[in-house]
Structure formats: structure tokens, C-alpha cells
Amino acid sequence: MNNAMISFIIGSVLKIEGILLLGPCAAAVWYREQVGWYYLCVALFCIVCGWLMTFRKPANPVFYLKEGCVATALSWLVLSFFGGLPMYISHQIPSFIDAMFESASGFTTTGATILGDVEHLARATLLWRSMTHWIGGMGILVFLLAIIPLSGGSNMNIMRAESPGPSVGKLVPRVRHTARILYLIYIGMTALELIFLLCGGMSLFESVNTSMATAGTGGFGVRNDSLASYSPYIQWVVTVFMILFGVNFNAYYFIVFRQFRKAFGMEEVRNYLLIVLVAILFVFCNIYPLYSAADGLRHAAFQVGSIMSTTGFSTVDFNLWPQATRAILVLLMFIGACAGSTAGGLKVSRIVIGFKTVKKELTAYLHPKSIKKIQYEGKPVEHDVVRSINVYFITFVLLFAGSVLLISFNGYGLETNFTAVAATINNVGPGLEKVGPAVNFGHFSVLSKCVLIFDMIAGRLELFPLLMLFHPGIWKEAGRSSRLGRYLSKKNLQ
Amino acid sequence: MKIIIVGAGNVGSTLVEQLAHEGHDITIIDIVARKIQAITDNYDVMGIVGNGASYSVLMEAGIEQADLMIAVTEADELNLLCCTVAKRVGRCAAIARVRMPDYSKEVRYLQEQLGLALVINPEMETAKEAARILAMPTALEVMAFAHGQAEMIKLVVPEGNTIVGMTLAEMTKKLSVSALVCAVERKGEVYIPSGSFRLESGDTLTFVASRRNIRTFMDTFGFKTKRVRNTLIVGGSKASYYLAQELLHSGVAVKIIEQNQARCEELSVLLPKAVIINGDGTDEALLKEEGIERAESFVPLTGIDEVNIILTLYAKKISEAKVITKINRMNFKSVVNSLELGSVIYPRYITAEAIIAYVRARSEARNNNIETLYHLFDHRVEAIEFEVNEPSEITGKPLVEMRQSIKKELLIAFINRNGHIIIPSGHDSIEVGDTVMIVTKHTGLQSLTEILN
């Protein structure tokens, strides 16, 4: 285990976080808010720590998948911790665990909040919350890959650990260039949304926050009623962009390079858009009696886009909608958006391949000797990918069941418990009943909040990198490779 | 440079390793997903599973933007087809590996007609290298520069040799012709020596001289220079055929042991002067019967590295023969080095060196070609021969004027002026039209001007 390299990566992440924390500082200066000092302290602390950890470049830069996973998981834990720290010490969020919950929810682009009233928060804190979404959306390590040169094929192991999706592909031969292209597309689309929102008469501060929260498919709003009080134009713009940020970014790469046929030929993207469309139509028909046609369509599209892309904004309290619609929305949470986007959930590609395996199994009952290779995106799917998807489903179910059990000690109804876990593990945000769009997560016990924080990070990192930390073998190896471990083993030999 | 490599075999993966190390954007194509997976796990390159000769696969690999296409699959025909398709679709240069004797006779024609930048034949190059070593059996390695005008010899300084304890300056005084010691390996460390460097027994040194002067150098310092008179080859592969052809041409008696009856018959038609034995080359009794104890040289060229190693070790034990080991695939270089096999040839590095020389010369905007490139001492030292096509800050000036600005650990080994090899001293200068050979520990030089600080 390459401990030196892991700490180097974590140090680099800290440095970046420190620099990003200067963002809310700037906002605090602009709006003359005292909380800026707290952000500045944490920022400087992060930068100094990061600088110390990256002071010496590791002699051996090679690392493998396990190191990639461990580095990613630890980075995210560190990231969430230091992200929540300024909110806690500035008493913007007085409880420590609440601050951690808010920060984890931000970085994992969940958007579940423990705050009932966000409007009294300092502008700096609001901006920082949105920024966490934006950084967490594409991934801080992907950002790291784009700016620091790591040698060899090792860096693919980080990308694999942080990027969502069953199999991670590259756009161009080098990881570094791939990461750069992804971030350029990301920045470009965020800017585009910002312009559209400004055109709709939204204030600059709110536009910046909303577009960052949409880009990361996060869902922290700057108003208590999320997006309900904005004009229909703004709601439509956000709807369209939420859905767009759920699309696999490879499609945008193809569009930028004018390979339209490739972009629109992507099976995953087509399936994703199809599900979105069908769901909107269904919800629209189901809630038709409640609203006028225009309003109904807008609300249906917004809620479906928001849930499916795992953003979690809302324009109405969908907790009050008909049962069938509520069921649809909960199911959409699980599906999530495309792999290679900023969204959470199980991902359309996994669902599609899962369906194909079921169909194959049925065929196997009909013709026991038949041989059929599953095809996806026009290519045969390797057995390994199918296997890893199956294992992913199983792990997901186990983690889900365990979390629901732990949450249930709060004494709430099953609907609340179930959707609270679903909304966090899929990085959506709001659930139903006591965690619906009109309420928040503040009323849970400390234990429940810890479980939900874990679920959020596990869901964002696609389970395994975080679960790896619980494998005793990892710690044994890390211990053996540490200076103390080497010293002890030497002594043993003597 | 954007490079597409088709074929993820031995040579393909060596190329990926070395070209990715030099910072190129590489896409590798192979039909076997497992091989692609293994490569993309270890190197920062893009992998595509598919047939490299198909239009759609090449489009996916981005052939339109590619600068170079290298086809190194198993089959010669497929390689040529890949290059042909690539040249039609994209505007890239193409390199193909062609190994079959049928085609390799027509390399010129193929290269011209298909517009290929380079046709490489690792088997032929392996054979040529083996033949050069057999012509100078004291040498561990013999590398040719300046179209064979100059050679670089690597040898071990034996105990009790006259040069033990001498400095390089003293050696030069004793020598009537000009030669230059370029690099010395001592206990795992490599040195680019200066005149005051004192040699010890057990050092591995390389020196460069014109072909005529090499023998004088060897004679002066008491190394044997007699070429071998007969060779025993195990295995009837393509490389064996090429080697036998080279050796027979220069009057060496060749005996080939091959297991396959049909192949033996083929070889006997192709090489009427050679003795072809049909039998198992790993059979101790057969080897003895065919006189391995009295053979002057022994070259196992089977396809299995382990067998080659065992056979050389055996030959070293029971005979005085000069042995050469061919290692195709194995990676455990440190283990191989510790076995003291003597001369070891790595065909995949030979191929990679030729291609890297081409790639480096092309990626540099300025027009100075790299003629030859060799990696020495496990890639720690490079010997590169540059062609000087245009005047620059290093041409037309006596070298002594630039002494301060030339990089440390770098030697100008020779200047080749119209086939005349000059081992340069301070008052010599580099002129347009020369080729210049550089020996250096600064690996990755792309142009001659980079020798300056």
C-alpha cells in the first residue's frame, strides 16, 4: 500500500478545498458579513495542512485500484469534514453533526438539509453550500487529475473510484486531458444556465447559486420554498438544465466535436430521455385534476426532472400528490440518471443491463442450451461487467436494508424511513412524509444522521470505495507499509 | 503526437510502455478484450476492442486526427491492411511489422507502393544483431551506427587484463587509432566517464569506433577478435532462417535443430548449405551427438524464453561456445541479468527502438532525423545518432567553444562526415550534412540542439 501517495492526494485535495473556501470569504467581504473570518481561518488551515502534506513528493508514485479507492474515500471524508467546519464554528449551524450532515449532503450533491429556514443564513454560507454541490458534482479528484500531473496509468484508478457508472471510459487517451474536457464542458454548461437565469430576471447571487446547485444535481436552494416562488420561465430553465446535467457527458463531448449521430445514438441517453418523457406524461395525467394544463405540465416536468436527475429541487410539495405519482417519483429516485453525469442513483445503464440479464435468464428457461451475449451500446457486455452490476445491486440492497433498520429507531413511519434512506443513498434530497420537500432532516437522531451521512457518501462514490475502508485487509496493508509497521516487522525478523 | 497502435502483443505493449513514457497520446486496438484491459489498467492510454483493419474501429480510435499508425499484430497481411486502410482514411504516417521472408524480400516495393513510413522486421533485426555478435564473440553486444560504418561494442573487462587500473586518457595514448569509451557500468551504477576515469576488472564498458578500428582496439588490449567458424542453432523459426542466411553468407557453418519435419524440409530448401537436423533441441543426448561440446557458438532461438535460458546455461556449462540468448517476453530483467547469460537479445526492444527513433524525429518540428537509437544498460543510457540537416547554434563551431554549455553526463561519441568516422576532439566541429552520435544519461533527447543546457 502506497501510504505516501495517499496522503499526497489527500493533501492536494485539502489545498484545493482551502482555495475554494476563499470563495465564501470573498462573498463575505462583498456583503460585509462577519462569518467570513471563520471561512478564512478554515481556508488557511486547509491550505497549510495541504501544503505540509504535499511538501515532499512521494518517491514512488505508482498506485493500484485499492489505493485509488482508499484515497478517494478518505478524501471525501476529509472534504466533508472541513467543508462543514466553518458552518459549525461560525454558529451558522450550531450542532456539529448537523454541520457535517449539511456539508456531506452538499459535496455528495444530495441536497438534503437539516435547516428549516435557510433565508436567515449568511450569504457566504449559502454560496459555500452551492459551491460544495458544484465541486462534488464532477468530483474533486477528477479536478485534481486535470491539474496535477500524476504519472503512468495509476491515475485511472482514481477516476474509476470517483466517477459514477459501471465501467469508466476515457474520451481521449490521457486521463488528464479527459478530466480537462469534462470540466470544460461542466463549466460551459453551468455558465450557460447562469446566463439563461439572469435573462429571466433572477438576481446574480441567486442565479449563481441555483446554477451551481443544478450543475452538480445537488438541490440546495437559497429560499425556504426551494424554487416555488420563481417565475415559470425560471422553473422551465432549471427543469431543462436538471435533465441535461443527468445526461452522460460523453454525449456532450460528441456534440462539441460534431459527432451528432454518436451523441444521439447512445443507448443510455435515449433510454434516459425516454424514461423522463414517459414519467412526465404519467405524472401530468395523474395530477391533471389539481392544476391548470400549463401549470400541471410545468410541475410534472420539474418534479420528474428534479427527482430523476437526483437534484431535489421542488416547486410544489409533491408529498401531497396522488399515491401513484408518489410511487413513480420514488422509483425514479432509484433509477437515477446516466453514468458519467453528475447525478446519483443506480444509473440508467445499470438498470438497462439489469433488465437485459433478466430477459436473458428468461430465454435460458425457454431454451436451456441457448447462448446469448448481452449487448449494450452496440457492444457485447463482458461477463465481468454484468457480475459487478449484480454485486452492486446486492450490496445496494444490503446497505439499504441495514440503513432503514437503523433509521427506524426514531419511531417514524416506514414511508419516512424508506424514502429518507432512498433520498440520501441516491443523492436526491427530499423524500416523502416527514422528509418531504416541505420539511427537512433536522429532526432525526444523531445516530440516524450519521447513518444518512454514510449513505450519502457511499451513494456518491458508488458504494465500494467507501466500503473498502471497512475491509480489515486494507488497514493491515496500510499498517504494514507504514514506517512503524516496517520497523516492527524488521524487529520481528531479528 | 497522437499514435494508434494495433496489436497488444509483446511489441505492442512494449511500445505502449515506452511511447506513453515519452508523453504521447496513445490509443491501442486489439481484438482480445483481456489484453486491452491489462494494458489500460497499467498505462494511461485509451483501449479499443475490435479489428484494427476495420474502418469503423479506426474511426472510433480517431484515425482522422492521428499522426501515426503502428500495426504490430501477429499477421503480416493484417498489418499491411491496417496501414492501407489507415492511410486512406486519415492523413497519418504508417508503420507495419512484416516478418515473413516472402514479403521481407520485397520490403522496398511494399514500402513504396503502400506509402509506409517504416517497415520493421524484428526477426531480421534480431538475426542481424546476433550475426554481429558472432563476428565479434568477445563482445556482449554489438550495435551498428552510421549504416554500419561505426560500431559500438559492449564488453566486460576481465581480471588481469592490461586495461585494469588504466585511466581512459592513458588508454587513448596507448592506442594508435581513435576510439572512445562511452559508458561504463560498475556494480549497477552507470557512468559516462571522463579522461581521468580509472577502469577496474569486472566493469562493463561500451566503446565506439569505426568498423576498421574496432579490431585494432581489441587487439591492442588483448581481447580475442577471431570470428566464430560454426554455429549451432536450436529452433527453425523465422529468426533462425534470417540468422542462418547472414552467417552462411559470411562463410560460417550453420547447423539448425528443428522439431517439425515439414519445417525442416522447408528450411533445407531455403538454406541448401546449412545442415538441418530434425529432432528435439532440448534433448541433451541429441545436443551432444550434434557436437555442442565442440561448437564455437550456440544460439537457441526457440519461441520459449525459459527454454532458451536453460539451453544457454547448459551450453556455458559443458562447452566453450559463444552463446546468445533471445528473450522475447520475460520481464524479470534483474533476474535475467543476475544469471550471467552473456549476450542477451531482446527482439521487442529492437523493434521499439526503431519506432521510437522515428517517433522522436517526427515529433520535433525541426528537420533533424534520428538515424539510430539504442537503449543501453536497462534504458538508463541512450545512444542516438542524429542527422544534421540545417545550420543551428551548434554547427560550424569548434566543440571546445561549447564545452561549458553542453549538458553533463553527455558525450559526443563520433561525427560521421561522408562515411568518415571522426572521434571528435575539442577543435572538431559539427557541420551540416554530418550525422552525430550522442551517448547520454539524459534519456528522451529529440533533437541535437537539446544537448546544450
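Moving on to the sheet that holds strand 2 (residues 25-30) of chain B. Residues and elements named next belong to chain B. Strand order in this open sheet of six strands is 3-2-1-4-5-6, and the pairing throughout is parallel. Either end of the sheet is taken by a strand with one partner, and the two such strands are strand 3 (46-49) and strand 6 (118-120). In this sheet, adjacent strand axes meet at a mean angle of 15° when their direction is disregarded. Here strand 5 (residues 93-97) runs beside strand 6; their pairing, made up of three bridges, is parallel. Residue pairing across strands places Ile95 opposite Leu118, the latter belonging to strand 6. Across the sheet, helix 4 (residues 76-89) touches strand 1 (2-6), strand 4 (68-71) and strand 5, and the angle it forms with strand 5 is around 175°.

Before going further, it helps to examine the domain arrangement of chain B. Residue and element names in this part refer to chain B. The domain boundaries assigned to chain B delineate domain 1 (2-120), domain 2 (126-220), domain 3 (236-345) and domain 4 (361-451). Computed from C-alpha atoms alone, the centre-to-centre distance between domain 2 and domain 3 is 26 Å. Regarding the contact of domain 2 and domain 3, the summed buried area is about 1,100 Å², with carbon and sulfur atoms giving 80% of it. Broken down residue by residue, the surface that domain 2 buries against domain 3 is led by Thr126, Ala127 and Leu134, which jointly contribute 44%. The tally of links between domain 2 and domain 3 comes to zero salt bridges. The interface formed by domain 2 and domain 3 contains four residue pairs in polar contact (both at pLDDT 80 or more).

Turning our attention to the pattern of salt bridges. Residues and elements named next belong to chain B. Here the structure, examined in full by the defined rule, presents 28 salt bridges over all chains. A salt bridge links Arg211 to Glu151; the shortest N-O distance between them is 3.9 Å. Linking Arg211 in helix 9 (residues 211-220) with Glu151 in strand 8 (residues 150-156), this pair joins segments that are 60 residues apart in sequence. With relative accessibility at 52%, the residue Arg211 sits in the exposed group. Classification of Glu151 by relative accessible area gives buried; the value is 9%.

In many analyses, interface size is given as the accessible surface area lost on bringing the parts together. Contact with chain B, which involves 15 residues of that partner, is made by 15 residues of chain A. Here chain B packs against chain A, burying approximately 1,100 Å² in sum over the two surfaces, 40% of which is carbon and sulfur. For the chain B face of the interface with chain A, the top three residues by lost area are Asp25(B), Asp44(B) and Met46(B), together amounting to 48%. Between chain B and chain A we count two salt bridges in total. Taking the shortest distance from any N to any O, the salt bridge between Lys379(A) and Glu60(B) comes out at 2.8 Å.

A separate point is the packing of helix 3 (residues 65-89) of chain A against helix 5 (residues 123-138) of chain A. All names here are of chain A. Contact geometry for helix 3 and helix 5: axes closest at 10 Å, N-to-C directions at 170°. It follows that helix 3 is roughly antiparallel to helix 5 by the angle criterion. Residues Trp76, Gly83 and Met87 of helix 3 touch helix 5, and the partners they reach there are Thr125, Trp128, Arg129 and Gly136.

Criteria and thresholds
- As a convention, each chain's residues are numbered from 1 in the sequence order in which they are written.
- Numbering of ligands from 1 and lettering of chains from A proceed in the order in which they are written.
- Thresholds applied to this predicted model are a pLDDT of at least 70 for local features of residues and 80 or more for the giving and counting of side-chain atom pairs; totals over whole chains, interfaces and linings are not thresholded and use all residues.
- Side-chain calculation: all heavy atoms of the structure are included, whereas hydrogens and water are not.
- Strand pairing is assigned whenever DSSP detects at least two bridges linking the two strands.
- Numbering of helices and strands runs from the N terminus; a helix is a DSSP stretch of H or I covering at least four residues, while a strand is a stretch of E covering at least two.
- To get an axis, a line is fitted to the C-alpha atoms, and for a helix only the part in contact is used. The angle between two axes follows their N-to-C directions and goes from 0 to 180 degrees.
- It only takes one pair of heavy atoms within 4.5 Å for two residues to be counted as in contact.
- Marked domain ranges trace back to an automatic or database domain assignment.
- Joining two parts hides part of their accessible area as seen by a 1.4 Å probe, and the buried area is that hidden amount summed over both.
- The term salt bridge refers to a pairing of a side-chain nitrogen on Lys or Arg with a carboxyl oxygen on Asp or Glu at a separation within 4 Å.
- Each polar contact in these results corresponds to two N or O atoms within 3.5 Å; when the atoms are within protein, one needs to be able to donate a hydrogen and the other to accept it, and residues that are neighboring in sequence are counted only if both atoms are side-chain atoms.
- Buried means the residue's accessible area, taken with a 1.4 Å probe over protein chains only, is under 20% of the maximum for its type, while exposed means over 50%, and partly exposed covers the values in between.
- For classification purposes, angles smaller than 35 degrees are called roughly parallel, those larger than 145 roughly antiparallel, those between 65 and 115 roughly perpendicular, and all remaining angles oblique.

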